[in-house]
Amino acid sequence: IEAIAIETEAIATARVIANAYPNVGSVLVLDIGSSGTDLSVVDNNNLIFSQSFGTGSESMTRAIASSFSLDGVQAEQYKIKFGLLKDQAEGKIFLSLDPVMQLIVAEVNKTINFFKNKYSQATPKKILLLGEGSNIPGIAEYLQTALGMGTEVANLRNNIQIDSAMEAELPQGNLGGFAVAIGLALKTK
């Protein structure tokens, strides 16, 4: 094996966003992984800001486990089934996840305020969600309400052609957990 290039996950993620959303302007990308979240700002298809913090979907699972004295497996199932939907499970799962989500909201607010104060022309106008955490029911709606900004799960299938044999191997719907891999595959130079 001979390495031909080395790059950060944030650059690969910016590439896949630029491919899926050409000319989208300035967006904030939240890649919610299991052990942490990567926050990036992509402006006119270029990565201009990136940071990582240690709050991810495992933190949410632990919050549910702690709130209800559950083991990790059962807490994970509750997170996947009920997520941040207030009208599910009498809102109890939502309430246990809210403090974790507030940590994510605080980091996003810091970034947005930084851009508003220092680089207003590149202030993100929209939030795109990636990572396995983007599959949590109600997460886009929660963030949209908490941040007052359009939020959606990124559709990485835009502008890519997937071989039919490979398509059968991929999960239907959200490919957010494959963002870095797709971004690396899109690298041409």
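Residues numbered from 1 in each chain as written. Predicted model: local features only at pLDDT ≥ 70, side-chain atom pairs only at ≥ 80, totals over all residues. Heavy atoms only, no water.

(A) Region of the structure containing the overall build of the chain. Secondary structure summary: the chain contains seven helices and five strands in total. The N-to-C order of helical and strand elements in the chain reads α-β-β-β-α-α-α-β-α-β-α-α. Counting the 189 residues in the chain, one finds 44% classified as buried. Put simply, of all contacts in the chain between residues at least 6 apart along the chain, 59% involve residues at least 24 apart. About 10,100 Å² of surface is accessible on the chain, with carbon and sulfur atoms providing 52% of the total. (Helix = DSSP H or I, 4+ residues; strand = E, 2+ residues; numbered from the N terminus. Buried < 20%, exposed > 50% of the residue type's maximum accessible area, 1.4 Å probe, protein only. Contact = heavy atoms within 4.5 Å. Areas by Shrake-Rupley, 256 points an atom, 1.4 Å probe, with all protein chains shown as cover.)

(B) Representation of the packing of aromatic side chains. All chains considered together, the criterion is met by seven aromatic pairs. Where Phe115 meets Tyr119, the ring centres are 6.1 Å apart and the plane angle is 55°; that geometry is what we call tilted. On the basis of relative accessibility, which here comes to 2%, the residue Phe115 falls in the buried class. Using a relative accessible area of 41% as the deciding quantity, one classes Tyr119 as partly exposed. Each residue in the set Phe49, Phe114, Phe115 and Tyr119 is aromatic and connected to the rest through ring pairs, giving one cluster. (Phe/Tyr/Trp six-rings, centres within 6.5 Å; stacked < 30°, edge-to-face > 60°.)

(C) Molecular detail of the sheet that holds strand S1 (residues 26-32). On the basis of which strands lie adjacent, the open sheet formed by five strands has the order S3-S2-S1-S4-S5 and mixed pairing. This sheet does not close on itself; its edge strands, each paired only once, are strand S3 (46-53) and strand S5 (151-153). Strand-to-strand twist in this sheet, taken as the mean axis angle between neighbours without regard to direction, amounts to 20°. Here S1 runs beside strand S2 (residues 37-43); their pairing, made up of seven bridges, is antiparallel. Directly across from Ile32, in S2, lies its bridge partner Thr37. Its contacts with the sheet put helix H4 (residues 92-118) on S1, S2, S3 and strand S4 (126-130), and the angle it makes with S3 is roughly 145°. (Pairing = 2+ DSSP bridges. Axes fitted to C-alpha atoms, helices over the stretch in contact; angles between N-to-C directions.)

(D) Representation of unusual backbone geometry within the structure. A positive phi angle is found at Asn44, which is not glycine, with a value near 50°. Mapped onto the fold, Asn44 is located in the loop between S2 and S3. Positive phi, close to 60°, is recorded for Glu90, a residue that is not glycine. The topology assignment puts Glu90 in the loop between helix H3 (72-82) and H4.

(E) View of helix H5 (residues 139-147). Those residues of H5 that sit buried are Ile139, Ala140, Tyr142, Leu143 and Leu147. Buried residues along H5 cover an arc of 160° about the axis, so they all sit on one side. Facing away from the buried side of H5 by more than 90 degrees, the exposed set consists of Glu141 and Thr145. As for H5, its buried residues are in contact with S1, helix H2 (57-68), H4, S4 and S5. (Arc of directions from axis to C-beta.)

(F) Looking closely at the side chain of Thr151. Position of Thr151 among the secondary structure elements: in strand S5. A relative accessible area of 9% means that Thr151 is categorised as buried. Within polar-contact distance, the side chain of Thr151 engages the backbone oxygen of Met149 at 2.9 Å. Discounting residues that sit within four places of it in the chain, Thr151 has contacts with Ile127, Leu129, Ala140, Leu143 and Gln144. (Polar contact = N/O pair within 3.5 Å; in protein donor to acceptor, adjacent residues only side chain to side chain.)

(G) Up close: the packing of H4 against H5. It is the contact of H4 with H5, at a shortest axis distance of 11 Å, that shows an interaxial angle of 55°. It follows that H4 is oblique to H5 by the angle criterion. When the axes of H4 and H5 are compared, the crossing they make is right-handed. Residue-level contacts link Phe94, Asp98, Met101, Gln102, Val105, Val108 and Asn109 of H4 to Ile139, Tyr142, Leu143, Ala146 and Leu147 of H5. Residue classes in the contact of H4 with H5 are distributed as nine nonpolar, two polar and one charged. (Parallel < 35°, antiparallel > 145°, perpendicular 65-115°, else oblique. Left-handed = near helix turned anticlockwise from the far one by under 90°. Nonpolar A, V, L, I, M, F, W, Y, C, P; charged D, E, K, R; others polar.)

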